[in-house]
Amino acid sequence: MSDSSKVGVILGSGLGWFADTLENRVEKPYSDIPGWPVSTATGHAGKLVTGRLGDTDVIVAAGRAHLYEGYTAHQVAYPIREMMWRGMRTLVVTNASGGINTSYKPGDLVLIADHINLMGVNPLTGPNDESFGPRFPDMSEAYSVEYREIAKQAGSAMGLTLKEGVYAGLAGPSYETPAEIRYLRTIGADLVGMSTVPEVIAANHMGIKVLGISCVTNMAAGILPQKLTHSEVMETGERVKDTLAALLRAVIPQLK
Ligand code: HPA
């Protein structure tokens, strides 16, 4: 295990570019790390990058694996273990999502305030490893209130008003039906996506505080009279990547 303490970052679909902006970069392809699930989704670079952001040591997973690729929840959450062994003390997760809340628009960055696990699985099923955390971990502040405040202030200094929202995590890979989106809105979801939940459960289990930033890449199914496409998701990610990178650069050094 590394003795320097690092801020961990997981970068979602099309958002991997931030890793290339670190100083003193050392990159490792996921395929060189035993146990690490290799992503097959397009837009997921697939490398673990350590480096520095000013005075802060950072460890970035550029690309993630998903349940829809056939990985188990344990495999999807494995990077959290590995990053912790490599010195991670706090975590920033990013993802692409569909906007359910109609006050959002594509390209918005939204702070994840909470999640709803609709994936049907949990990375902590099976025997509990007490060295990671308790059998029944608390999830009442899965996304740190303090980190959200830091992000809001950093955002407003950049002229960005960051809203908050509840993220519903589904297994995918089909996008939702309009009826499913109406259901998700009814149960309190503002955002929908196919990632993040397993990693955030594993991080909370290990007592690691989390900041979640979601990029609304499209409005969710049925909200606009148009079909959803992965290329729209990628294009919006591409459009906001500089803003997201700037936000990450402003926020990460403040995450204690
Ligand atoms: N639904 C689920 N996952 C997503 C979406 C969506 O609309 N957009 C980006 N990831």
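Residues numbered from 1 in each chain as written. Predicted model: local features only at pLDDT ≥ 70, side-chain atom pairs only at ≥ 80, totals over all residues. Heavy atoms only, no water.

S.K.: It is not clear to me how the pairing of strand β9 (residues 209–219) should be interpreted in this structure. Could you clarify?
M.R.: The side chains of a regular strand alternate, residue by residue, between the two faces of the sheet. Of all 11 residues making up β9, 10 are buried, and the element is well covered by its neighbours. As paired strands, strand β5 (residues 88–99) and β9 are joined by 10 bridges and run parallel to one another. Among the inter-strand pairings, A96 is bridged to a residue of β9, identified as C215. Here 3 bridges tie strand β6 (residues 109–118) to β9, and the two strands are oriented antiparallel to one another. For L109, the partnering residue across the bridge sits in β9 and is C215. (Buried < 20%, exposed > 50% of the residue type's maximum accessible area, 1.4 Å probe, protein only. Helix = DSSP H or I, 4+ residues; strand = E, 2+ residues; numbered from the N terminus. Pairing = 2+ DSSP bridges.)

S.K.: Just to check I follow, could you spell out helix α5 (residues 230–251) for this structure?
M.R.: The periodicity of an α-helix, 3.6 residues per turn, causes residues three or four positions apart to be oriented the same way. At V240, α5 shows its strongest bend, of approximately 50°. Those residues of α5 lying buried are E232, V233, T236, G237, V240, K241, L244, A245, L247, L248 and V251. The elements touched by buried residues of α5 are β1 (6–11), β3 (47–53), β5, β6, α2 (145–157) and β9. (Bend = angle between axes of the 7 residues up to and from the residue. Contact = heavy atoms within 4.5 Å.)

S.K.: Looking at this structure, how should I read the pairing of β3?
M.R.: Burial runs high along β3: 5 of the 7 residues are buried. Taken together, the 5 bridges between strand β2 (residues 23–29) and β3 define a ladder with antiparallel strand orientation. Looking across to β3, one finds that P29 is bridged to K47. Across 7 bridges, β3 lies against strand β4 (residues 56–62) in antiparallel orientation. Paired with K47 across the two strands is A62, which belongs to β4.

S.K.: When you look at the pattern of salt bridges in this model, what are you seeing that I'm missing?
M.R.: Should their charged atoms come close, side chains of opposite charge can pair. Taken as a whole and assessed by the stated rule, the structure comprises 13 salt bridges. R25 is the partner of E27 in a salt bridge, and the nearest nitrogen-oxygen pair spans 3.4 Å. Note on E27: relative accessible area 39%, which makes it partly exposed. (Salt bridge = Lys/Arg side-chain N within 4 Å of Asp/Glu carboxyl O.)

S.K.: Can you help me understand the environment of A171 in this one?
M.R.: With respect to the element layout, A171 can be found in the loop between β7 (163–170) and α3 (178–186). Distance in space between the C-alpha atoms of A171 and V197 is 10.0 Å, their sequence separation being 26 residues. Excluding anything up to four places from it in sequence, A171 contacts L67, Y68, M119 and M194.

S.K.: Even after reading the chapter, I still don't get the site of the ligand, so can you show me in this structure?
M.R.: All residues in the neighbourhood of the ligand are listed as A96, S97, G98, Y175, E176, V192, G193, M194, T217, N218, L228 and V233. N218 is positioned with one of its side-chain polar atoms (N or O) 2.7 Å from a nitrogen atom of the ligand. Sorting the residues of the shell around the ligand by element identifies β5, β8 (191–193) and β9 as the ones contributing at least two each. Here the shell around the ligand is composed, by residue class, of 6 nonpolar, 5 polar and 1 charged. (Near = heavy atom within 4 Å. Polar contact = N/O pair within 3.5 Å; in protein donor to acceptor, adjacent residues only side chain to side chain. Nonpolar A, V, L, I, M, F, W, Y, C, P; charged D, E, K, R; others polar.)

S.K.: I tried to follow the packing of helix α1 (residues 73–85) against helix α4 (residues 197–205) on my own but got confused; where do I start?
M.R.: At a minimum axis separation of 8 Å, α1 and α4 run at an interaxial angle of 50°. Between α1 and α4, the angle falls in the class oblique. The handedness of the crossing between α1 and α4 is right-handed. Residue-level inspection shows A73, V76, A77, I80 and R81 of α1 in contact with α4, the latter providing P198, E199, A202, A203 and H205. Residues of the contact of α1 with α4, tallied by class, amount to 7 nonpolar, 1 polar and 2 charged. (Axes fitted to C-alpha atoms, helices over the stretch in contact; angles between N-to-C directions. Parallel < 35°, antiparallel > 145°, perpendicular 65-115°, else oblique. Left-handed = near helix turned anticlockwise from the far one by under 90°.)

S.K.: Help me understand α2, please; the structure alone is not making it clear to me.
M.R.: Helix length check: α2, at 13 residues, gives a terminal C-alpha distance of 19 Å against a target of 18 Å (1.5 Å per residue), a fit within 8%. For α2, the set of buried residues is Y147, R148, I150, A151, A154 and G155. When α2 is viewed along its axis, its buried side chains cluster within an angular range of 160° and face the same direction. Exposed residues pointing more than 90 degrees away from the buried face of α2 are listed as Q153, S156 and A157. Considering only its buried residues, α2 is in contact with β5, β6, β7, β9 and α5. Capping of α2 at its N-terminal end is provided by S144; its side-chain oxygen lies 3.2 Å from the backbone amide nitrogen of E146. (Expected span 1.5 Å × (residues − 1). Arc of directions from axis to C-beta.)

Purely spatial values, then, with no claim about function.
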